[in-house]
Structures are given as C-alpha cells and as structure tokens.
Amino acid sequence: MSPNVSSSSSSSSLQLYSFSSLSPAFALPSTRCYKSTRLHLPPRLTTTAVSCVSTRPKRKSGAKPDNSEARELVRGLMRNFDGERPLISMLNKNVKIVRTEHCFLLFEELGKTDNWLQCLETIIFTCMSDIQVFRWMQKQRWYIADNGVYSKLISVMGKKGQTRMAMWLFSEMRNSGCRPDTSVYNSLISAHLHSRDKSKALKKVLGYFDKMKGIERCKPNIVTYNILLRAFAQAQDVNQVNALFKELGESILSPDIFTFNGVMDAYGKNGMIKEMESVLSRMKSNQCKPDIITFNVLIDSYGRRQDFDKMELVFKSLLRSKEKPTLPTFNSMITNYGKARLKEKAEHVFKKITELGYAPNFITYESLIMMYGFCDCVSRAREIFDEKIESKKEMKVSTLNAMLEVYCMNGLPMEADLLLERARKKGPPFPDSSTYKLLYKAYTKADKKELLEKLLKYMDSDGIVPNKRFFLDALGAFGSSSPASQESAGRATDSRRLQRTAKT
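Peer 1: Explanation requested: the overall build of the chain in the structure shown.
Peer 2: Scanning the chain for helices and strands turns up 26 helices and zero strands. Considering the chain as a whole, with its 504 residues, one finds that 45% of them fall into the buried category.

Peer 1: When you look at the environment of Leu248 in this model, what are you seeing that I'm missing?
Peer 2: Residue position: Leu248 is located in helix α12 (residues 238–250). Exposure remark for Leu248: the relative accessible area of 1% places this residue in the buried category. Distance from Leu248 to Tyr225, taken between C-alpha atoms, is 7.5 Å for residues 23 residues apart in sequence. Apart from residues no more than four positions distant in its own chain, Leu248 is found in contact with Ile222, Tyr225, Leu229, Leu253, Pro255 and Thr259.

Peer 1: What am I meant to see in the packing of helix α10 (residues 198–213) against helix α11 (residues 222–234) here?
Peer 2: Helices that pack against each other are described as a pair by the angle of their axes relative to one another and the distance between those axes. Running from N to C, α10 and α11 point in directions that differ by 155°, and their axes come no closer than 12 Å. On the basis of their axis angle, the class for α10 and α11 is roughly antiparallel. For the pair α10 and α11, the crossing hand works out as left-handed. For the pair α10 and α11, the contacting residues are Leu202, Val205, Leu206, Phe209 and Met212 in the first and Thr224, Tyr225, Leu228, Ala231 and Phe232 in the second. Split by residue class, the contact of α10 with α11 holds nine nonpolar, one polar and no charged.

Peer 1: What is the right way to read the nonpolar core from this model?
Peer 2: A general feature of soluble globular proteins is that nonpolar side chains tend to end up buried together. By size, the foremost hydrophobic cluster in this structure holds 106 residues, and its most contacted members are Tyr267 and Met403. At eight residues, α11 tops the list of elements feeding residues into this core. Setting aside its immediate chain neighbours within four residues, Tyr267 contacts Ala233, Val238, Val241, Met272, Glu275, Met276 and Val279.

Peer 1: Mind showing me how you'd approach helix α23 (residues 433–445) here?
Peer 2: Every α-helix carries 3.6 residues per turn, so stepping three or four residues along brings you back to the same face. Its 13 residues give α23 an end-to-end C-alpha distance of 18 Å, which sits within 8% of 18 Å, the value for a rise of 1.5 Å per residue. Inspection of α23 places Thr435, Tyr436, Leu438, Leu439, Tyr440, Ala442, Tyr443 and Thr444 among the buried residues, and these make up the whole buried set.

Peer 1: Would you explain a positive patch on the surface in this entry?
Peer 2: Taken together, the side chains of Arg174, Arg179, Lys211 and Arg217 present a region of like positive charge at the surface. With respect to the helices and strands, the residue Lys211 is situated in helix α10.

Peer 1: I'm lost on helix α19 (residues 362–374) in this one. Help?
Peer 2: Between its first and last C-alpha, α19 extends 18 Å over 13 residues, near the 18 Å set by a 1.5 Å rise per residue. Across the 13 residues of α19, 10 count as buried, placing the element largely inside the fold. Those residues of α19 that fall on the buried side of the exposure criterion are Thr364, Glu366, Ser367, Leu368, Ile369, Met370, Met371, Tyr372, Gly373 and Phe374. Check the buried side of α19 and you find it contacts α17 (327–339), α18 (343–355), α20 (378–390) and α21 (397–409). Within two residues after α19, Asp376 carries a phi angle of roughly 65°, on the positive side.

Peer 1: Mind showing me how you'd approach unusual backbone geometry here?
Peer 2: Even without being glycine, Arg341 reaches a positive phi, approximately 60°. You can see Arg341 is positioned in the loop between α17 and α18. A residue is classified by how much of its surface remains accessible, and Arg341, at 33% relative accessible area, is partly exposed.

Peer 1: Before we go on, may I ask you to explain the pattern of salt bridges in this structure?
Peer 2: Two side chains carrying opposite charge are able to pair once their charged atoms lie near each other. Under the definition given, this model contains 17 salt bridges. Among the salt bridges present, the one from Lys310 reaches Glu277, with a minimum N-O distance of 3.1 Å. Remark: Glu277 occurs in helix α14 (residues 273–285) and Lys310 occurs in helix α16 (residues 308–320); sequence separation between them is 33 residues. A salt bridge links Lys454 to Glu421, with the nearest nitrogen and oxygen atoms 2.5 Å apart.

Peer 1: It is not clear to me how the packing of helix α15 (residues 292–304) against α16 should be interpreted in this structure. Could you clarify?
Peer 2: Running from amino to carboxyl end, α15 crosses α16 at an angle of 165°, the nearest separation of the two axes being 8 Å. As the angle between them shows, α15 and α16 are arranged roughly antiparallel. The two elements α15 and α16 meet at a crossing, and its hand is left-handed. In this structure, α15 contributes Ile292, Phe295, Leu298, Ile299, Tyr302 and Gly303 to the contact, and α16 contributes Phe308, Lys310, Met311, Val314, Phe315, Ser317 and Leu318. Taken together, the residues that form the contact of α15 with α16 break down as 10 nonpolar, two polar and one charged.

Peer 1: Looking at this model, I keep getting lost on the side chain of Ser367. Mind explaining?
Peer 2: Mapping Ser367 onto the fold places it in helix α19. The residues touching Ser367, leaving out its near neighbours within four places in the chain, are Asn331, Ile334 and Thr335.

Peer 1: Sorry if this is basic, but what is going on with the packing of aromatic side chains here?
Peer 2: A full pass over the atoms with the stated rule returns eight aromatic pairs. Arranged with centres 6.2 Å apart and planes meeting at 70°, the rings of Phe315 and Phe330 form a pair that is edge-to-face. In this pair, Phe315 sits in helix α16 while Phe330 sits in helix α17, placing the two residues 15 residues apart along the sequence. The pair formed by Phe315 and Phe330 is uniform in burial state, with each residue classed as buried. By the ring-pair criterion, three or more aromatic residues cluster together here, those being Phe170, Tyr185 and Tyr208. Just above the ring of Phe245 sits the side chain of Arg282; from NZ or CZ to the centre is 4.3 Å. Lying across the ring of Phe362, Lys396 places its NZ or CZ 5.3 Å from the centre.

Basis of the calculations
Residues numbered from 1 in each chain as written. Predicted model: local features only at pLDDT ≥ 70, side-chain atom pairs only at ≥ 80, totals over all residues. Heavy atoms only, no water. Helix = DSSP H or I, 4+ residues; strand = E, 2+ residues; numbered from the N terminus. Buried < 20%, exposed > 50% of the residue type's maximum accessible area, 1.4 Å probe, protein only. Contact = heavy atoms within 4.5 Å. Axes fitted to C-alpha atoms, helices over the stretch in contact; angles between N-to-C directions. Parallel < 35°, antiparallel > 145°, perpendicular 65-115°, else oblique. Left-handed = near helix turned anticlockwise from the far one by under 90°. Nonpolar A, V, L, I, M, F, W, Y, C, P; charged D, E, K, R; others polar. Core = buried A, V, L, I, M, F, W, Y, C linked by side-chain atoms within 4.5 Å. Expected span 1.5 Å × (residues − 1). Patch = residues over 30% accessible without salt bridge, like charges linked within 9 Å, V, L, I, M, F, W, Y side chains within 5 Å. Areas by Shrake-Rupley, 256 points an atom, 1.4 Å probe, with all protein chains shown as cover. Salt bridge = Lys/Arg side-chain N within 4 Å of Asp/Glu carboxyl O. Lys, Arg positive; Asp, Glu negative; His and termini not counted. Charge placed at Lys NZ, Arg CZ, Asp CG, Glu CD. Phe/Tyr/Trp six-rings, centres within 6.5 Å; stacked < 30°, edge-to-face > 60°. Lys NZ or Arg CZ within 6 Å of the ring centre and 35° of its normal.

Following this line, the structure appears as structure tokens:
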C-alpha cells in the first residue's frame, strides 16, 4: 500500500542517496547562526467527412527526426512576419514546400508570441483571408484531417488563456470527421486548467476525465493522470490527489518521474512540505529514482520555507548522486538565501558557479540583483545591472524589472523613475507592460501621486493601454486601491474614452 500524506517521515524522505560529509570544494557556510527575517515584498466552413489519418511521420526508435530544414523555413516565415504583412501571402508563396510538419512548427512559434492571439481571433471571429494558417492548411491538397493538428492548436489556445477558442476547435475537429482520442482530451483538459476560475475548471476536467474512461480510444494515460495530479496539488486538494494516486495504482498504468515531480513541485510551491515529503516517500516505494528536477524541486521548496538545513542536506545528496547541479539549482539557492538576508551564503553559491565551470545566465544575475536588494545593498545591485549593460550582451526586460523592484522595495521610487527614463530613451532593454505594472503597483503602495501621473503619461506615449485587467493585476495584492491610484485609474480610463471618441 502506498503511504498516505499524513504518515510521511521527513527524515527518511531525505535519504535520497547515502552520503558523507560535504567536501571542502562544495562546503557552504554554517546555517546555524542566522536570523530569519520575514520580508513583504465563428462560422464553420462546409466540410465533407474524411478519414482521420495521422500525417505526422512515425519516429524510428533510437533516433530523433531531423527537422532542421523545416525549422529554418519556419524561422524565415517568422522573420518576415511583422503583424502587418499577411502571413497567408507568405504561405502561398511557399505552397509547394510547406507541409503539415511546417505548420506544426509554425503553430509553436506563433504560440510563443502575442501575434498568435491576433491570428486566432481573426480566424475564428472574422474568418478573413489573412493570417489563416489553420484554414490555409485545410485548403491544401495534401491536408488530411489529423487529431495531432487539433491537439496542438487546442494546447496553444489553452496556454494563451483562450478556453472558448479551444472548445470551438474541439467542436470543429468533430465536425471535420475526426474522432477525439486521448491526446486531444489531454490538451482540452490542460486548456481548461489555464482558465482563471480554477474551481470551475477542476470540476470541468473531472467530467472530461470520467467521460474518457467510457470511450475505448480515449482511455486516460499517464499524461492524463500527471496533468490532473499536478492541478489538484496546486489547488491543495490532498484528498483528490490521494484518490487519483489510488486509482492510478489500481490501473495498468505506472506513475513515472514526471508524476512525482509535478505533484511535489505543486505542493512545495504552496508550502505544503509534509505533503511533498509524503509524495517523495511514495516515489521511493515505487522504486522511482530521483532526477535533477526532483533535487531542484526539493532544494527550492525547502529554501522557500527557509529550512536551510534540509535544503543543504538535499544539495549534499545531489552532489553524491549521478546527477549534476544545474543553473536552476544555484539560482534557487541564491534567491532563497537572499530572502533570508544571508548575503555571504548567496555570494558563496555564486562563486561556486564559476569555479565549477558554469556560465551564469540572465536569471542568475537577476537572482543576484534581487538578493542584494533584500540585503539592503542597493548600490551593489546597481553595479551588477550596469555591468550587464556594459557587457553588450542581450538584456531581458525582466532584468530591468528586477533592478526597478530593488529600488522600490528599498523605498527609492525616485531612483526607479530615473532608471525608467533612461531605459525608455536609451534601452535595451526597453520597458514593456510588465515594467509599468510593477511600477504602478509600487507607486500606489508608496502613495506617490506625482509618479503615478508621470507613469501614465509614459504608458500613453509607449502605447501601453491600462485596461481593467492591468489595474486588477497591479492592485490585486492590496485588496483595495489607495485614493491616489483610484484617481489615476479614473483619469486613465477617461483619457482612453476621449481617445476613442476622437477617433470615431
């Protein structure tokens, strides 16, 4: 019998591998003497019935398909697509060579950009002849209705939060002659789980789950269980997680490493350490060996709770295993040491990154910047930020946001405003909507009315529309906005109304 959540043993759960004392090369400063500080930081086209045959080539075991040429073609299409030039015209120019595999890759690339939302809205709501990748595919002679195409599209829609579009595609698939299979239902379940109303979504997906059990070609597979287990763990529904584990154990399926890692990560991020350790015990009883993701999940979870003894115990176990630390391992430790204001420990971890031959990435530097911000070392954080700019390497807007957040958390809104001005004029990186949302939230909390008014002017100038979603996300942490934010929000709304009136 698998252990229940309540019967886990934290000490035994951490015995991932046998280990001895930590070698000097990896020794961390003692954690015995530290002071933990809490910081607050659509009309359907007429179609005829067709047989559903997968158009994707079958993979040969032991070899990965070489799609480098296909990817290069898709990259070329994306480079020429600027949102104004119709994508359909470029597809027509390459009609002799574009096939299903290219469209699959194109769906993926479009899914990584905001242009995808514009494309699908055009396809579904207006059915215009531009940017109709999906409709373009249907018109080609080589096209055969394929569950894989719909599964991919439904998945992308879900990630974009377009649940209704995902549902429409599911209906369109059935009308085109395809019969849904397990992979399509898995995509549909994932799409619903991306919606805002999690409670409603969880009820909905359980309905799909029960429906799948009654259809032979749609029987739940391990991917289905992994999706549901992680979702209910994120919702902190321990009873449902245990029920799914019990059902999985009674089936012909076996949980895999993704099953356990997903549930442990969800529990860990919710601070449910006992439940996480219970899943770790369950994983051991299933003789499933931990991988680097398992170690990283445990390290991050214990670090978030500032249980550094266990965090370092897992890290020691990682070094004794066949797995090797990755940058996320170190980035997590730097961040969590920083939140506890353990600056020397965080600096020691960063030093070991370079000593071990790793090349710090942008997340590493953002973690360092935030760490120094938590430790009241604003000038050092700015030094690192300036060094990154002077290095002429590609800068992410998230790095700019990290430096701005450091200023704001240390009560330096004027310095944040000066950095924003510099970024707007010189860049890169140039600020985006996430930057303005961060500053709007910080200025509101500090009741900086003048800076709020200035920020809204910058947003107007940069074409950032402060809609209802913007204000809800920016002010959601406070429950209710301050008088200054209410007034500025009202003015921003009035300004937008006047602009729309002037245009009409």
